[in-house]
Amino acid sequence: METDKNSQTNIVRSYQRYLKLQRGMSSNTLDAYQHDLLKLLQYLEEEGKNVHDVQLADLQHFAATLHDLGIHPRSQCRILSGVRSFFRFMQLDGWRDDDPSELLESPVLGEHLPEVLSAEEVDMLEASIDLSKWEGQRNKAIIEVLFSCGLRVSELVNLKLSNLYINEQYVRVMGKGAKERLVPISPKALKELDLWFMDRNQMKIKPGEEDYVFLNRRGAHLTRVMILIMIKQQAVEAGIHKTISPHTLRHSFATALLEGGADLRAIQAMLGHESIGTTEIYTHIDMSTLRQEILEHHPRNMRNEKNEGKGEL
């Protein structure tokens, strides 16, 4: 008869196969789920518990432990979301008759609006690049493609030449869950890519890397960390004091579209969001920008500022 430990190991393996094959998760997302599940399993082992006999009270105590360890509320939410996914799987796959995580609550998060760059700030970022350096034109093309297409950094580093439809001005993107989407690419981005290809064509490219759009000096495709470091360094060079990352350019893409009057559903499709709720955060950004514009430019507010300056009651 299978021991509790062996049974738990088999459940975890089955869950990993389920996430990969049925949920179609990318390797990065799969690693994150496994890492978070490991936290729960380690906690249960310390408490002498097994996944078969966990109750809601055990999970609530686990959640409280995450808080006591000083883990950020947003990370707590992500971990507990993975816990719910695991126990839903156990119930669906017949390992348990119930789902003890059904009433498990996550910490309440305050609304956090992501940092965005204006088109002028993106221009500053690109203008600060030293084009005399080998990587200069490549980095300029990277920034322009991120801003013009709203790609995730993982999508950018895996972008292939065979994904580019230059005449049609589209890019085929492989997003989360192995879902494909077509995203328009701007003439400006195509111009920067064309200039980069002039440099790229002079490179010695590693076997198997020939189809990747963006390469390092050794002729291999870039990593996400390389892109992150480059953009942070470039922000310093440009004198931009916001805390930015490659994802900032994705946020900036969506915000620019919304401010330009694009439909929220169209933005959802271009970003590859599964839920419209994820895309709706950009309406909050747009409203905060609109409020500032009203405060600065509406005649009633301008009059009030003048009256306050005169000390009128």
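For the structure, check the block above.
Novice: Requested: an account of the overall build of the chain, with residues and values cited.
Specialist: The secondary structure content of the chain amounts to 14 helices and 3 strands. By the burial criterion, 40% of the 313 residues in the chain qualify as buried. Accessible surface computed for the chain: about 18,300 Å², of which carbon and sulfur atoms make up 51%.

Novice: Quick rundown of the nonpolar core? Include the residues and the values.
Specialist: L193, F214 and I227 are the most contacted members of the largest nonpolar core, which totals 40 residues. Of all the secondary-structure elements, those providing two or more residues to this core are helix 5 (119-127), helix 6 (136-149), helix 7 (153-157), strand 2 (170-174), helix 8 (187-200) and helix 9 (224-238). The element best represented in this core is helix 6, accounting for 7 residues. Dropping the residues within four chain positions of it, I227 is found in contact with I142, L146, V153, L156, V157, L222 and P246. Formed by 26 residues, the second largest nonpolar core is a distinct cluster that contains L30, L41, V51 and F86.

Novice: For helix 8, give the residues involved together with the corresponding values.
Specialist: Along an α-helix, residues three or four apart share an orientation, since each turn contains 3.6 residues. The end-to-end C-alpha distance of helix 8 is 19 Å, a good match for the 20 Å that 14 residues give at a rise of 1.5 Å each. By the burial criterion, the buried members of helix 8 are A189, L190, E192, L193, W196, F197 and R200. Along the axis of helix 8, the buried residues cluster in a sector spanning 160°; they form a single face. Facing away from the buried surface of helix 8 by more than 90 degrees, the exposed residues are P187, K191 and M198. Among the structural elements, helix 6 and strand 1 (164-165) are those in contact with the buried residues of helix 8.

Novice: Give me the environment of V236: which residues, what numbers.
Specialist: Locating V236 in the fold gives a position in helix 9. Between the C-alpha atom of V236 and that of L125, which follows or precedes it by 111 residues, the distance is 9.0 Å.

Novice: With reference to specific residues and values, describe the packing of aromatic side chains.
Specialist: Aromatic rings in a pair are described by how distant their centres are and how their planes are angled relative to each other. Taken as a whole and assessed by the stated rule, the structure comprises 7 aromatic pairs. When the ring of F86 is compared with that of F87, the centres are 5.3 Å apart and the planes differ by 70°; the resulting orientation is edge-to-face. Members of the aromatic cluster, each reached through a chain of ring pairs, are Y15, Y18, F86, F87 and F89. Here K160 stacks its cationic end above the ring of Y212, 4.9 Å away from the centre of that ring.

Novice: Can you explain the pairing of strand 3 (residues 180-184)? Please cite residues and give values.
Specialist: Only one face of strand 3 is buried, namely the one carrying R181 and V183, since none of E180, L182 and P184 on the opposite face is buried. The pairing of strand 2 with strand 3 spans 5 bridges and is classified as antiparallel. Looking across to strand 3, one finds that Y170 is bridged to P184. Taking the residues between adjacent antiparallel strands as the criterion, strand 2 and strand 3 are bridged by 5 residues, where G177 takes a positive phi near 65°.

Novice: Quick one: what's the story with the sheet that holds strand 3, residue by residue and with numbers?
Specialist: Ordered in space as 1-2-3, the 3 strands form an open sheet in which the pairing is antiparallel. Each edge of the sheet is formed by a strand with only one pairing partner; in this case those strands are strand 1 and strand 3. In the sheet, strand 1 pairs with strand 2 via 2 bridges, with the strands oriented antiparallel. What sits directly across from L164, in strand 2, is V171.

Novice: Explain the environment of Y170 to me, using residue names and the numbers behind them.
Specialist: Looking at the secondary structure, you find Y170 in strand 2. Overall, the relative accessible area of 36% leaves Y170 in the partly exposed class. As a C-alpha pair, Y170 and S186 span 16 residues in sequence and 8.5 Å in three-dimensional space.

Novice: How would you sum up the packing of helix 6 against helix 8? Please name residues and give values.
Specialist: Following both chains from N to C, one finds helix 6 and helix 8 inclined at 155°, their axes separated by 9 Å at the closest point. Relative to helix 8, helix 6 is oriented roughly antiparallel. Note on packing geometry: the crossing formed by helix 6 with helix 8 is left-handed. For the pair formed by helix 6 and helix 8, the contact residues are Q137, R138, K140, A141, E144, V145 and S148 on the first element and K188, A189, E192, L193, L195, W196 and D199 on the second. In terms of residue class, the contact of helix 6 with helix 8 is made up of 6 nonpolar, 2 polar and 6 charged.

Thresholds, definitions, all that
Residues numbered from 1 in each chain as written. Predicted model: local features only at pLDDT ≥ 70, side-chain atom pairs only at ≥ 80, totals over all residues. Heavy atoms only, no water. Helix = DSSP H or I, 4+ residues; strand = E, 2+ residues; numbered from the N terminus. Buried < 20%, exposed > 50% of the residue type's maximum accessible area, 1.4 Å probe, protein only. Areas by Shrake-Rupley, 256 points an atom, 1.4 Å probe, with all protein chains shown as cover. Core = buried A, V, L, I, M, F, W, Y, C linked by side-chain atoms within 4.5 Å. Contact = heavy atoms within 4.5 Å. Expected span 1.5 Å × (residues − 1). Arc of directions from axis to C-beta. Phe/Tyr/Trp six-rings, centres within 6.5 Å; stacked < 30°, edge-to-face > 60°. Lys NZ or Arg CZ within 6 Å of the ring centre and 35° of its normal. Pairing = 2+ DSSP bridges. Axes fitted to C-alpha atoms, helices over the stretch in contact; angles between N-to-C directions. Parallel < 35°, antiparallel > 145°, perpendicular 65-115°, else oblique. Left-handed = near helix turned anticlockwise from the far one by under 90°. Nonpolar A, V, L, I, M, F, W, Y, C, P; charged D, E, K, R; others polar.

None of this, on its own, says anything about what the molecule does.
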